[in-house]
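Examining the three-dimensional arrangement
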Amino acid sequence: MRLRAALTALLLLTALPAAAQEIILVRHAEKGSEPDPGLTPDGQARAQELAKLLKATPPVMILTSPARRTQETAAPAAAQAGITAEVVPIPPGDMPAHVKQLAEKLSALKPGQVALVVGHSNSVPAIIKALGGPPLPDLPECAFDHLFRWDVANKTLREEWYGEESACD
């Protein structure tokens, strides 16, 4: 009986995801065309897919830009995790200051914690570089399906895709 309980406990522990200190970075989901656009129905579906993806390892910190589309992309994941996404301002014409603020906030992440950053086609690569990652080109304007996982301890970057494939050539 004791052996069975010990084996069951061991199986449960090995089935759980490893506690990694990780920063997940995505560009906002599909957006409308009006000034400060919100998400389209496709974008709303992608935001829901992002929340599903993060269910097993919920973020303890979610950071967005002031743009409505980044906040709407983060909203389902924030609601699921029971936290409020923090809006990090972009000083007018000063994206480097925004990136620096994000990196400083992310430095508070503790081992075993996960953070989500929802940015833009030009800010996601800049944030990765500020964290110590490799230089990357800006994301194509038509790409909304890229997801980057930055392993803080090992300083490694993994690129994945989520949701419906973006309609890029």
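Preceding block: the structure.
Just so it is clear, the structure is predicted and the values come from calculations on it, not from any experiment.

**Overview of unusual backbone geometry**
Within the chain, Asp36 stands out as a residue other than glycine whose phi angle is a positive 40°. With respect to the helices, strands and loops of the structure, Asp36 is situated in the loop between strand E1 (22-27) and helix H2 (41-53). At Lys155, a residue that is not glycine, the phi angle is positive and equals roughly 50°. Along the chain, Lys155 falls in the loop between strand E5 (146-151) and strand E6 (156-161). Residue Lys155 is classed as exposed on the basis of its relative accessible area of 54%.

**Focus: the layout of surface pockets**
Unoccupied space between atoms shows up once a probe the size of one water molecule is rolled over them. In this structure, the second largest pocket spans a volume of roughly 170 Å³. Lining the second largest pocket are Glu30, Asp42, Ala45, Arg46, Glu49, Cys142, Phe144, Gly163, Glu164, Glu165, Ser166 and Ala167. Tallied by class, the residues present in the lining of the second largest pocket amount to four nonpolar, two polar and six charged.

**A closer look at the side chain of Arg46**
Looking at the element boundaries, Arg46 is found in helix H2. On the accessibility criterion, Arg46 (3% relative accessible area) is buried.

**Quick word on the pattern of salt bridges**
Opposite charge on two side chains lets them pair, provided their charged atoms get close. All chains considered together, the criterion is met by eight salt bridges. One salt bridge connects Arg158 with Glu160, and the closest N-O pair in it is separated by 2.6 Å. The exposure class of Arg158 is partly exposed, given its relative accessible area of 47%. Each member of the salt-bridge network shares a partner with another, and the members are Glu22, Arg149, Arg158 and Glu160.

**Focus on the environment of Leu54**
Structurally, Leu54 is set in the loop between H2 and strand E2 (61-64). Assessed through its relative accessible area of 1%, Leu54 is described here as buried. The spacing of Leu54 and Gln80 is 26 residues in sequence and 8.9 Å in space, taken between C-alpha atoms.

**Comments concerning the packing of H2 against helix H3 (residues 68-81)**
Interhelical geometry of H2 versus H3 gives an angle of 35° and a closest axis separation of 8 Å. Read as a crossing pair, H2 and H3 show a hand that is right-handed. Along its contact with H2, which presents Ala47, Gln48, Leu50, Ala51 and Lys52, the element H3 presents Glu72, Thr73, Pro76, Ala77 and Gln80.

**Here's the deal with the environment of Ser65**
Mapped onto the secondary structure, Ser65 falls in the loop between E2 and H3. According to the relative accessible area criterion, Ser65 is buried, its value standing at 1%. Along the primary structure Ser65 and His28 are separated by 37 residues, whereas in three dimensions their C-alpha atoms are 9.7 Å apart. Setting aside residues up to four positions removed in sequence, Ser65 forms contacts with Thr70, Gln71, Val87, Val88, Ile90, His98, Val118 and His120.

**Description of the sheet that holds strand E4 (residues 114-119)**
Within the open sheet, the six strands sit side by side as E3-E2-E4-E1-E5-E6. Their pairing is mixed. Of all strands in the sheet, those with a lone pairing partner are strand E3 (86-87) and E6, marking the two edges. Here E2 runs beside E4; their pairing, made up of four bridges, is parallel. Directly across from Met61, in E4, lies its bridge partner Ala115. Across the sheet, helix H5 (residues 123-130) is in contact with E1, E4, E5 and E6; its angle to E1 comes to roughly 160°.

Thresholds, definitions, all that
- Residues numbered from 1 in each chain as written.
- Predicted model: local features only at pLDDT ≥ 70, side-chain atom pairs only at ≥ 80, totals over all residues.
- Heavy atoms only, no water.
- Helix = DSSP H or I, 4+ residues; strand = E, 2+ residues; numbered from the N terminus.
- Buried < 20%, exposed > 50% of the residue type's maximum accessible area, 1.4 Å probe, protein only.
- 1 Å grid on protein atoms, 1.4 Å probe; cavity = no way out; pocket = protein on both sides within 12 Å on 5 of 7 lines; lining within 4 Å.
- Points joined across faces, edges and corners; volume = space filled by probe spheres on them.
- Nonpolar A, V, L, I, M, F, W, Y, C, P; charged D, E, K, R; others polar.
- Salt bridge = Lys/Arg side-chain N within 4 Å of Asp/Glu carboxyl O.
- Axes fitted to C-alpha atoms, helices over the stretch in contact; angles between N-to-C directions.
- Left-handed = near helix turned anticlockwise from the far one by under 90°.
- Contact = heavy atoms within 4.5 Å.
- Pairing = 2+ DSSP bridges.

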